[in-house]
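One letter stands for each residue in the lines below.
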Amino acid sequence: MLSTIALDTQVLRPGLCTGCGACQGLCPYWSSVEGRTVLLFDCERLDGRCQRFCPRMPTDLDALRRKFFPAETILPEIGPYRGLCLTRAADPAVRARAQHGGTVTALVELAMKEGFIDAAVLTRSHGGLDPEGVLAATPEEVRQCGGSSFQIPPTLAELNRALKEDRYHKIGVVGTPCKTLAVYKMMANPLPDNDNHAGNIGMVFGLFCGWGLDWEGLRDLALSHCSQNMLSHMDIPPSKFHSLELTEYRRSVSVDLDEVLPLVRPACRACTDMTAEFADLSVGGARSVDGWDVDKGWNQVIVRSEKGEALLKLAREQGVLEFRDPMEGGLEKLKKASLGKKRTGVKAVRDLTGGLGYLEPSAALFEDL
Ligand SMILES: Cc1cc2nc3c(=O)[nH]c(=O)nc-3n(C[C@H](O)[C@H](O)[C@H](O)COP(=O)(O)OP(=O)(O)OC[C@H]3O[C@@H](n4cnc5c(N)ncnc54)[C@H](O)[C@@H]3O)c2cc1C
Ligand code: SF4
Ligand code: SF4
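Keep in mind it's a predicted model, so treat the numbers as computed, not measured. (Residues numbered from 1 in each chain as written. Chains lettered and ligands numbered in written order. Predicted model: local features only at pLDDT ≥ 70, side-chain atom pairs only at ≥ 80, totals over all residues.)

A few points about the site of ligand 1
- Lining the immediate environment of ligand 1, one finds 32 residues, of which Ala-98, Thr-105, Leu-122, Gly-210 and Gly-284 sit closest.
- Residues of the shell around ligand 1, tallied by class, amount to 13 nonpolar, 19 polar and no charged. (Near = placed C-beta within 6 Å. Nonpolar A, V, L, I, M, F, W, Y, C, P; charged D, E, K, R; others polar.)

Here's the deal with the domain arrangement of the protein chain
- Per the domain assignment, the segments of the protein chain are domain 1 (61-212 + 265-339) and domain 2 (215-263).
- Between domain 1 and domain 2, the residue contacts involve 10 residues of the former and 13 residues of the latter.
- The class makeup of the residues in the side of domain 1 that touches domain 2 is three nonpolar, six polar and one charged. (Domains from an automatic or database assignment. Contact = placed C-beta atoms within 7 Å.)

Looking at unusual backbone geometry
- Unlike most non-glycine residues, Asp-166 shows phi in positive territory, near 60 degrees.
- Here Asp-166 shows up in the loop between helix H6 (155-165) and strand E8 (171-175).
- With a phi angle near 55 degrees, Ala-276 is a residue other than glycine that sits in the positive phi range.
- Along the polypeptide, Ala-276 turns up in the loop between helix H10 (266-269) and strand E13 (281-285). (Helix = DSSP H or I, 4+ residues; strand = E, 2+ residues; numbered from the N terminus.)

Considering the site of ligand 2
- Close contacts around ligand 2 come from 15 residues, with Cys-17, Cys-20, Ala-22, Cys-23 and Cys-54 the closest.
- Per-element tally for the shell around ligand 2: the top contributor is helix H1 (residues 6-12), with three residues.

Re the sheet that holds strand E11 (residues 243-248)
- The sheet built from three strands is open, its strands ordered E10-E11-E12 with antiparallel pairing. This sheet does not close on itself; its edge strands, each paired only once, are strand E10 (231-235) and strand E12 (251-256). Adjacent strand axes in the sheet meet at a mean angle of 20 degrees when their direction is disregarded.
- Each of E10, E11 and E12 is contacted by helix H8 (residues 215-225), which is oriented at about 130 degrees to E12, the strand it contacts most. (Pairing = 2+ DSSP bridges. Axes fitted to C-alpha atoms, helices over the stretch in contact; angles between N-to-C directions.)

Quick notes on the nonpolar core
- Counting 84 residues, the largest nonpolar core has Leu-107, Ala-120, Ala-182 and Phe-205 as the members making the most contacts within it.
- Examining the composition of this core, we find that seven residues originate from one element, helix H4 (residues 103-113), more than from any other.
- In contact with Ala-182, not counting residues within four places along its chain, are Cys-20, Ala-22, Phe-53, Cys-54, Pro-55 and Leu-156.
- Counting residues in each nonpolar core, the second largest holds 12 residues, with Cys-226, Met-234, Leu-244 and Val-260 among its members. (Core = buried A, V, L, I, M, F, W, Y, C linked by C-beta atoms within 7 Å. Buried ≥ 20, exposed ≤ 12 C-beta atoms within 10 Å, placed from the backbone.)

Structural data, given as structure tokens:
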């Protein structure tokens, strides 16, 4: 007998599961294997704890953001906005392990040092492969998580575990937009008996995200070009390069993007958030007139909340981050790219569901794109 639970019928089976892990650890029925969310036993409940925070269950996104961000800060294209800057970690040792400028690692460390958070749920991988969610409580543990993985691990299962443990009371979370949306759903709508201790979430750091890739497919592709022990980094440069760049010890390999695009996860095609609109700070790769050789060592940061603004101010005062002004027209470019993802995401949702699917309660946000 097939399960009737909505998470299975509305999210998993239509191919909308982002693999975030927010459903896991709340009941024993859900797990994850190499980026694939699995229902271990048939479940006949029509609702359940598992679906409460899922970013692909219908959510009134407008109401959710108004709960956390003043209406006057919200830009339709990129969400809550208090400023944009280009930054990188001042410490070269942080930059050396990082994906771009090491801004995320430096900010998480600073947030820990200054008491904004007392631990952080991060993602650790091996040169971008086999990522896993981890709870980091020391600067060294935070640094070990530098770098991006384009495989998508169920990091929020680790958050659920850490919240339930109730040992840390201001947990920071770093995640892609689908994950940070789930985290705001947790904060807005804790379980009735509050046994997930959602009040223990301290701060949210979002990552810009174009798409994530099939777990096995990316591993096979990367290992056909590099040896697993030597692979240290992977990245997708701006679209004009049309490539995935793999870095091995003293060697870089450029893989044609045509080999990569078939690996994009179906759920990522139906995603409408590029800039992690639910976050205190959102961080992506920099874009400036200097070109990719310089930009790949920098980040662009969207400041979204008062807390994010306060942390960034401290980072400037203490010299933890170096700052540059964004290029002229940088915000407009960002808005355009973000709108592009919204348009293709809405089209993919329509193709999959015949309507606005999980976006339905937020239809007004997507009407005039
Ligand atoms: C799947 C994916 C797609 C992305 N697409 C884009 C894009 O299209 N455009 C763009 O500008 N930027 C994109 N990014 C963000 C970019 O790769 C960097 O994470 C960002 O620029 C921050 O760089 P940094 O040097 O400050 O990060 P670092 O200081 O190296 O810190 C990176 C942090 O990312 C976390 N992390 C790594 N992998 C994952 C993962 N799979 N899921 C959740 N958290 C993870 C780690 O916990 C770590 O704390 C993407 C990131 C991911 C994970
Ligand atoms: S909560 Fe995340 S992992 Fe679970 S079904 Fe929803 S999208 Fe998939
Ligand atoms: S594209 Fe969307 S669904 Fe896919 S990993 Fe990024 S934020 Fe999540």
